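Residue-level structural notes
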Amino acid sequence: MLAPCRREAPVTPALSLIDITKTFRRRGSRERFAAVDGVTIEVPPGKTVALVGESGSGKSTLARIALRLIKLDSGRVVLDGEDITELRGRALREKRVRMQPVFQDPTSALNPRRTVAELLYQAMIDLPTDERMDRAVEILENVGLRPSKGLLGRYPHQLSGGQRQRVVIARALARRPTILLADEPLSGADVSIRGQILNLLVELQESQGLAYLWITHDIILAASLADWIAVMHRGRVVVSGPPMQVMEDPPDDYTRALLAAVPRLPVSSPRPLYA
Amino acid sequence: MTQVLEVDRLSVTYRSGGSTVHAVRGASLSVGRAEFVGVVGESGSGKSTVARAVLGLLPGNARITEGSIMLEGRDVTHLQPEERRRTRGNPATMVFQDPLSYLNPVMRVGEQIAEGVRLHDQEADVAGRVKELLGMVQLPKEVARSYPHELSGGMRQRVMIAIALGCRPKLLIADEPTTALDVVTQASVLDLLRRIQAEIGLAVLFISHDLAVVANLVDRVYVMYSGTTVESAPARDLVQAPGHPYTYGLVSAAMVRRDGSGGFSTIPGEVPDLSVIGPGCPFAPRCPEAQERCQAQAPPLVAVGGRRTVRCWLHVDGRRR
């Protein structure tokens, strides 16, 4: 059932989550339930693995475990070939910078009292001060923002939603990560902006060899984006495989229900009336 | 025949700090009896402001500067607050995105449904009607004794619908009612809305940012951009043959598909700043079809065929059709 994403050549995965289990106690009772129940996922370098499921399926808990933000009951988190499951404090922080989160709500991810420049400089503590400015400009260009003086001096609330998400991505890139953990990074974005952010992330993957663990409830989006899909339901991976295989012949009822529930446009190729 | 709702060239501004935000600028839309109508737009398109204006729920810093709102043929645009309050529940009622913030946390949901029934349906046997309403939204009658926090998101939204229906409305305004729900729950709530709409012949104005949701649900769609209605057409026609370049962009973006070169479809640029109004079409800076005239002068709304209106110079000039 647990089918990690295998490559022909033995490459070190950007991230391996091995047999992860996490239980929580039910409120007002001694009974425990498994939010994540023996999940194994492997993200090869430079590839995208999509973790698909509804709210409550355990996908975000798994992301928080990967980032070591919450404790796990059992299992191993291996980042770039290095086991970080037991690391703590500074040792953990130093290793973990290679895995950067990009979450749903860019507003809450950015300190409202720091300018764009300050937010980026904070992520460049390993760089000499006089090099930070140049690097900030370079990164902002990478994420498709024109790095003017005006922009660098702006606070998050002075940016548009799309710009904010780009700044979050820029800050993540400033740490030179090998993998981005993207938990519903598009949910807050407007429809016309979604494509821009998607294209940016696809380009960055190609230019910088980034790996993505992409967490989403949208199986259609997952299919168009990922090299590998894992569908989570009640803490377990119920099906995983290449998108085509999962979409065309879902072997389980849950994935079929998920596929049927996604609203799709009743048209395959729109033609503008004015063309 | 009188429309249940008729919004005519409505403009609404907000005062914010020292500036004036033109949230709605000459938006027109109507909903007929038992008609299921959708409004699609991005943030800042003015769709929620229109909903709030219809219900008389605009915040204190908002002002209707132009146009009118008719509910069942009655002009309610500038009614006094007390008079306006009487239009809520019946004829017009609403369901919003986040049921938890609209439900009273310390009152059992049965009692919350009963409140509306007592107010708007005085002949009714209240207990019987509450049971009936819970049945209509496919909740077991025991739910009446629950508190909101004991229910799932989908159940809470069903309770909101039951409360709304208890007022025997003619028009239900649903503003992003399923946005906070996951896809499977969303599908079941949408299915319920559609069933109820057809069953009791309710007029529904369904507001959403999600074109795919709307296109599968409603009879007719309005597309809003930058405070105005840029196109309206039967749902299927709208997605198959978009009449406005913005609609075309939205449809393409909603397909979530990669083109030959691996890119996702997108609309370049960003939603415009509503505190600055230029003379031209608000979509012109992002429009692939824009010509000189578009920058200089805002296009009028024109009828294209029998059931479509579009606000775009392409259709005025008769360059096509």
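First, a word on what this report is: a plain description of the structure on this page. None of the values given here were measured: they were computed from a predicted structure. (Residues numbered from 1 in each chain as written. Chains lettered and ligands numbered in written order. Predicted model: local features only at pLDDT ≥ 70, side-chain atom pairs only at ≥ 80, totals over all residues. Heavy atoms only, no water.)

**Quick word on the pattern of salt bridges**
Pairing is possible between side chains of opposite charge, provided their charged atoms come close. One pass over the full model with this rule turns up 23 salt bridges over all chains. Notably, a salt bridge pairs K95(A) with E82(A), separated by 3.5 Å at the nearest N-O pair. Highlighted residues: K95(A) in helix α2 (residues 89-96) and E82(A) in strand β5 (residues 82-83), separated in sequence by 13 residues. A relative accessible area of 28% means that K95(A) is categorised as partly exposed. On the basis of relative accessibility, which here comes to 37%, the residue E82(A) falls in the partly exposed class. D253(A) is the partner of R256(A) in a salt bridge, and the nearest nitrogen-oxygen pair spans 2.7 Å. Taken together, the residues R256(A) and D253(A), both in helix α11 (residues 253-261) and three residues apart, mark about one turn of the helix. We classify D253(A) as exposed; its relative accessible area is 58%. Shared partners join several salt bridges into a network, and the residues in it are D121(B), R129(B), E132(B) and R168(B). (Salt bridge = Lys/Arg side-chain N within 4 Å of Asp/Glu carboxyl O. Helix = DSSP H or I, 4+ residues; strand = E, 2+ residues; numbered from the N terminus. Buried < 20%, exposed > 50% of the residue type's maximum accessible area, 1.4 Å probe, protein only.)

**Here we look at the interface of chain B and chain A**
Taken residue by residue, the interface counts 50 residues in chain B and 33 residues in chain A. In total, chain B and chain A occlude about 3500 Å² of area from one another, counting both sides; carbon and sulfur atoms represent 61% of this. Applying the counting rule to chain B against chain A returns zero salt bridges. Between the two partners, chain B and chain A, sit 12 residue pairs in polar contact (both at pLDDT 80 or more). Across the side of chain B that touches chain A, the residue classes break down as 24 nonpolar, 13 polar and 13 charged. (Contact = heavy atoms within 4.5 Å. Buried area = accessible area lost by both parts, 1.4 Å probe. Polar contact = N/O pair within 3.5 Å; in protein donor to acceptor, adjacent residues only side chain to side chain. Nonpolar A, V, L, I, M, F, W, Y, C, P; charged D, E, K, R; others polar.)

**Focus: the environment of V54(B)**
Residues and elements named next belong to chain B. Examined against the element boundaries, V54 turns out to sit in helix α1 (residues 47-55). Separated by 251 residues in the primary sequence, V54 and G305 have C-alpha atoms spaced 28 Å apart. Non-local contacts of V54, meaning those with residues more than four positions away in its chain, are made with L5, V7, I69, L71, R84, L171 and I173.

**Notes on the sheet that holds strand β5 (residues 74-75) of chain B**
Residues and elements named next belong to chain B. Read from one edge to the other, the open sheet built from four strands follows the order β2-β1-β4-β5, with strand pairing classed as antiparallel. In this open sheet, the two edge strands, each paired with only one partner strand, are β2 (19-31) and β5. Across eight bridges, strand β1 (residues 5-16) lies against strand β4 (residues 62-71) in antiparallel orientation. Considered in β4, the bridge of V12 is made with I64. (Pairing = 2+ DSSP bridges.)

**Here we look at the side chain of Q163(A)**
As for its placement among the helices and strands, Q163(A) is situated in helix α7 (residues 161-174). For Q163(A), the contacting residues outside a window of four places in its chain are L145(A) and E270(B).

**Examining the packing of aromatic side chains**
Residue and element names in this part refer to chain B. This structure, assessed with the given rule, holds seven aromatic pairs over all chains. Between the aromatic rings of F36 and F206, the centroid separation amounts to 6.5 Å while the plane-to-plane angle is 65 degrees, which identifies the pairing as edge-to-face. One end of the pair, F36, is in strand β3 (residues 36-40); the other, F206, is in strand β8 (residues 203-208), and 170 residues separate them in sequence. The pair F36 / F206 is uniform in exposure class, with both members buried. A cation over a ring is seen here: R52 above F96, with NZ or CZ 4.9 Å from the ring centre. In this structure, R293 is placed above the aromatic ring of W313, and the distance from its NZ or CZ to the ring centre is 3.7 Å. (Phe/Tyr/Trp six-rings, centres within 6.5 Å; stacked < 30°, edge-to-face > 60°. Lys NZ or Arg CZ within 6 Å of the ring centre and 35° of its normal.)

**Considerations on α7(A)**
Residue and element names in this part refer to chain A. The terminal C-alpha atoms of α7 lie 20 Å apart, and with 14 residues this matches the ideal 20 Å at 1.5 Å per residue to within 8%. Within α7, 12 of the 14 residues are buried, leaving the element largely enclosed by the surrounding structure. Every buried residue of α7 is accounted for by G162, Q163, R164, Q165, R166, V167, V168, I169, A170, A172, L173 and A174. Looking at the buried residues of α7, the elements they touch are β6 (99-102), α3 (106-109), α4 (116-122), α5 (129-142), β7 (179-183) and α8 (191-208). Just downstream of α7 lies R176, where phi reads positive at about 50 degrees. (Expected span 1.5 Å × (residues − 1).)

**Focus on the nonpolar core**
With 66 residues, the main nonpolar core has L265(A), I161(B), F206(B) and L211(B) as its most contacted residues. Sort the elements by how many residues they give to this core and helix α5 (residues 153-166) of chain B lands first, with seven residues. Non-local contacts of L211(B), meaning those with residues more than four positions away in its chain, are made with L265(A), V40(B), L238(B), V239(B), L250(B), V251(B) and A254(B). Within the second largest apolar cluster, 41 residues are counted, among which are V116(A), A136(A), A174(A) and L200(A). (Core = buried A, V, L, I, M, F, W, Y, C linked by side-chain atoms within 4.5 Å.)

Function cannot be inferred from these measures alone, as they are strictly geometric.
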